[in-house]
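Geometric and topological summary
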Amino acid sequence: MLNHYGAHLEDEKVIDLARNVMKEVFIDQKEAEETINMLNQKLEELNKEIA
């Protein structure tokens, strides 16, 4: 049971890390806002699949 819940917490950490990396990589580019929004949407879909 611990592994089951622990794996879910690790998945959330990976998603948060990916969001932070996207912000750092794309923050200075004008067209990046659309890219970040699209990637965030995909991450939300992935998060829903994991949950």
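Refer to the structure printed above.
Here's a quick rundown of the structure.

Calculation notes
- Residues numbered from 1 in each chain as written.
- Predicted model: local features only at pLDDT ≥ 70, side-chain atom pairs only at ≥ 80, totals over all residues.
- Heavy atoms only, no water.
- Helix = DSSP H or I, 4+ residues; strand = E, 2+ residues; numbered from the N terminus.
- Buried < 20%, exposed > 50% of the residue type's maximum accessible area, 1.4 Å probe, protein only.
- Areas by Shrake-Rupley, 256 points an atom, 1.4 Å probe, with all protein chains shown as cover.
- Salt bridge = Lys/Arg side-chain N within 4 Å of Asp/Glu carboxyl O.
- Patch = residues over 30% accessible without salt bridge, like charges linked within 9 Å, V, L, I, M, F, W, Y side chains within 5 Å.
- Contact = heavy atoms within 4.5 Å.

**Brief notes about the overall build of the protein**
Helix and strand counts for the protein stand at two helices and zero strands. Every one of the 51 residues in the protein was classed for burial, and the buried ones make up 12%. Surface exposure of the protein reaches about 4,500 Å², of which carbon and sulfur atoms provide 55%.

**Overview of the pattern of salt bridges**
In the structure shown here, the tally under the stated rule is two salt bridges. With a closest N to O distance of 3.7 Å, D16 and R19 form a salt bridge. Taken together, the residues D16 and R19, both in helix α1 (residues 2–26) and three residues apart, mark about one turn of the helix. Among the ionic pairs, E44 bridges to R19, the shortest N-O distance being 2.2 Å.

**Here we look at a nonpolar patch on the surface**
Together, L17, V21 and V25 make up an exposed nonpolar region whose accessible area comes to about 270 Å². Relative to the helices and strands, V25 is located in helix α1. For V25, a relative accessible area of 49% translates into the label partly exposed.

**Considering the environment of I36**
Assignment of secondary structure puts I36 in helix α2 (residues 32–50). For the pair I36 and R19, spaced 17 residues apart in sequence, the C-alpha separation works out to 8.3 Å. Residues within four places of I36 in sequence aside, it is in contact with M22, K23 and F26.

Function cannot be read off these values alone, since they describe shape.
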